[in-house]
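A closer look at the structure
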Amino acid sequence: MTKIIQLPEDLINKIAAGEVIERPASVVKELVENSIDAGATFIEVEIKNAGKHLIRVTDNGLGMSFEDAKLSLVRHATSKIRTADDLHNIRTLGFRGEALASIAAVSHFVLTTKVRESLSGFRIVCSGGVVQTEQEAGTSDGTTIEIHDLFFNTPVRKKFLKSDASEIGHIVDIITHYALVNPKISFRCVNDGNAILQTDGQGDLLGVVAAVYGRNVVKELVPVHAESDGFSISGFVSKPTFSRGDKSQQHFFVNGRAVKNAVLDAAMHEAYHSTLFIHRHPFAVLLLDVEPQIVDVNIHPTKKEVKFEKSDVIYRFVYHAVRDVLQNENLIPVQSFQGPDASALRSSLPSSSSLSSSSLFQKPFDTTSQAALQSAVHSPALEVRSHGEKVPQMKLLGQVQKTFFIAEAEDGLLIIDQHIVQERVFYERFMTQYLSTAVKTQALLEPAVFDSSPAEAALIRHYLSEFEKFGFAVEEFGTSHFLIRSVPSIFGKVQAADVVRDLVHQFEESKRNSVVSLAEAVITRMACRASVKAGDTFSNQEMQQWLYELEKCTLAYHCPHGRPIFIKITADELEKMFLRV
Ligand code: ADP
Ligand code: MG
């Protein structure tokens, strides 16, 4: 029989390191968290060979006394909690007291630290978790921790490290997270001697976003701010016109800790519902503050994931905070024109006295345009007085190119895409019907016939019940024909067969997606189809009616794909264009 033995401390630490320290970025995370907990206002992370050879984190925080420095390397030694009760009230990033012990177990480790009150500091050198030397050392206030040859004694772990580029990516992600949530701390990351990230610590979140993602991103953001009993949220999200192909630029923080959490993901997704193309994701930096009692940060060894006690409440809170911003923010893009060089243009113009004789102005109106002018003058402009904040107050002036509505707004000129107005209205009406499984249908007097290819036939058979939910009664008729007996009534007169063909392709394309995103794709497509294309003449009353319908929509600034409905040219811009300023 084998005999049970108690494992030695350094082996326990090595095993624990396997859980917490996966890669250089995990070390960076733990060390940066410690620096933040120590109240640092400057944190520098220096790496060589993507952190495989060296990671050095220097801070100007509280530092440690000699006694504390020695204890800090002992497993389960922490200054951050004292009793089990403290676990429910955690405001620091660390509390498990095992990071330093774990990191030291799998590296050559040098800790140098000094508290302000002391004249000199201390240095402790460890190798594989075993202390080699401890001595006084001259150093500045704060703490520097150096990790050389990470995983030197765990070759398997070392072998699984990814390319330098990928490991650096992980490190930068970590630093980015902490920089975003700590705008008052100046972060600097130096890779093989080059500064790759630097924030100024001035306390301005947008400044940090600009430092990390560039000024252009900042222009696309709108602020979020909301409070309710026990929660608050602040930060920025992107306008729907600015989106990314993945969620890597969505940052959530709960009480200062970067987290992944399905509830927050879902709330965000739902808030942008129908404003973005499928598989596009907004940019977000959202900082959530909640009572520590309702969030469990102790469900994951690296504390990346958290669990909320009242997840439905949090979901609704975040959803509304973001959705409200998207609905209320003035999301109308303002068109800016690169004005011509005013002086150059002026000098090329004829002098004002010669203007009146210029042939340009002598050309008589032809009679048709004169008639058009007359009718424009006599049909009074219609006022669209909106009660909400979505559709701006405007005076409708008319239609251009049978494609756009033109209106005067308080501070300029509005151009409205009629197709997109209708698309938005149809989309929302239809979505409401679909979600309450109450799609209104109209029977076709004469069923439309759809001739399908064998592949299309297979798809239609497969999705027959889906077609039904969308309001299409389709039945098989012979080998490669289908009869369409009803269509959703929202669409009025449509070429039923064309729409069905469209849907078949949509089903085909979205085959691998969830039913919800499929429905979304299909409805977006149908709304687009049902809306007039360019080329339909609208009377002023009709235009007005459509704008009233738009006002009733939840999101009135974008088509379901995220294209803008309104574009504004401000009076200022017009003045500039006419060289009045
Ligand atoms: P935890 O952060 O969970 O307490 P760690 O192993 O990361 O555990 O750190 C152990 C202790 O060492 C901390 O509680 C803290 O008192 C001290 N410590 C670690 N890093 C620093 C630092 N950069 N500045 C000051 N104290 C530190
Ligand atoms: Mg820690």
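Since this is a predicted model, take the numbers as computed values, not measurements. (Residues numbered from 1 in each chain as written. Chains lettered and ligands numbered in written order. Predicted model: local features only at pLDDT ≥ 70, side-chain atom pairs only at ≥ 80, totals over all residues. Heavy atoms only, no water.)

What to know about the overall build of the protein
- Of regular secondary structure, the protein possesses 20 helices and 25 strands.
- Relative to its full complement of 581 residues, the protein shows a buried share of 46%.
- Within the protein, residue pairs in contact and separated by at least 24 positions form 69% of the contacts whose partners lie at least 6 positions apart.
- Counting only carbon and sulfur atoms, one obtains 53% of the accessible surface of the protein, whose full area is about 29,700 Å². (Helix = DSSP H or I, 4+ residues; strand = E, 2+ residues; numbered from the N terminus. Buried < 20%, exposed > 50% of the residue type's maximum accessible area, 1.4 Å probe, protein only. Contact = heavy atoms within 4.5 Å. Areas by Shrake-Rupley, 256 points an atom, 1.4 Å probe, with all protein chains shown as cover.)

Focus on the site of ligand 1
- As a matter of local geometry, ligand 1 sits amid 19 residues, with N34, T78, S79, K80 and G97 nearest to it.
- At 2.8 Å from an oxygen atom of ligand 1 is found a side-chain nitrogen or oxygen belonging to N34.
- D59 places a polar side-chain atom, nitrogen or oxygen, 2.9 Å from a nitrogen atom of ligand 1.
- Summarising the interface, the protein chains cover 92% of the accessible area of ligand 1, which totals 530 Å² for the free molecule.
- Elements supplying a minimum of two residues to the shell around ligand 1: α2 (24–37) and α4 (99–105).
- Across the shell around ligand 1, the residue classes break down as six nonpolar, nine polar and four charged. (Near = heavy atom within 4 Å. Polar contact = N/O pair within 3.5 Å; in protein donor to acceptor, adjacent residues only side chain to side chain. Nonpolar A, V, L, I, M, F, W, Y, C, P; charged D, E, K, R; others polar.)

Quick word on the confidence of the model for the protein
- On average, residues of the protein score 81 in pLDDT, and 84% of them reach the 70 mark or higher.
- Residue range residues 339–380 is modelled with pLDDT below 50. Its contacts to residues more than four positions away, or to other chains, number 13 contacts. (pLDDT = per-residue confidence, 0-100.)

Regarding the pairing of strand β15 (residues 284–290)
- The buried fraction of β15 is high, at six of seven residues.
- Sheet analysis places strand β10 (residues 231–238) next to β15, joined by seven bridges and oriented antiparallel. Bridge pairing links F231 to V290 in β15. (Pairing = 2+ DSSP bridges.)

Overview of unusual backbone geometry
- A positive phi is found at N49, a non-glycine position, where the angle reads about 45°.
- Considering the arrangement of structural elements, one finds N49 in the loop between β1 (42–48) and β2 (54–59).
- Given the relative accessible area of 30%, N49 is considered partly exposed.
- The backbone of Q401 sits at a positive phi, close to 55°, despite the residue not being glycine.
- With respect to the helices and strands, the residue Q401 is situated in the loop between β19 (394–400) and β20 (404–409).

A closer look at the sheet that holds strand β24 (residues 481–488)
- With antiparallel pairing, three strands are arranged side by side in an open sheet as β22-β24-β23. Since the sheet does not close on itself, it has two edges, and those belong to β22 (441–451) and β23 (473–476), each with one partner. Each neighbouring strand pair of the sheet contributes to a mean axis angle of 20°, computed without reference to strand direction.
- Across seven bridges, the pairing between β22 and β24 is antiparallel. By the bridge assignment for β24, T441 is matched with P488. (Axes fitted to C-alpha atoms, helices over the stretch in contact; angles between N-to-C directions.)

Focus: the sheet that holds strand β13 (residues 257–259)
- Strand order across the open sheet formed by five strands is β9-β10-β15-β12-β13, with mixed pairing between neighbours. The open sheet has two edge strands with one neighbour each: β9 (221–228) and β13. The sheet shows a mean angle of 20° between the axes of neighbouring strands, direction not considered.
- Two elements, β9 and β10, share eight bridges in a ladder whose sense is antiparallel. Following the sheet pairing, A226 is matched in β10 by I233.
- Where helix α10 (residues 311–328) meets the sheet, it contacts β9, β10 and β15, and its direction lies at approximately 40° from that of β10.

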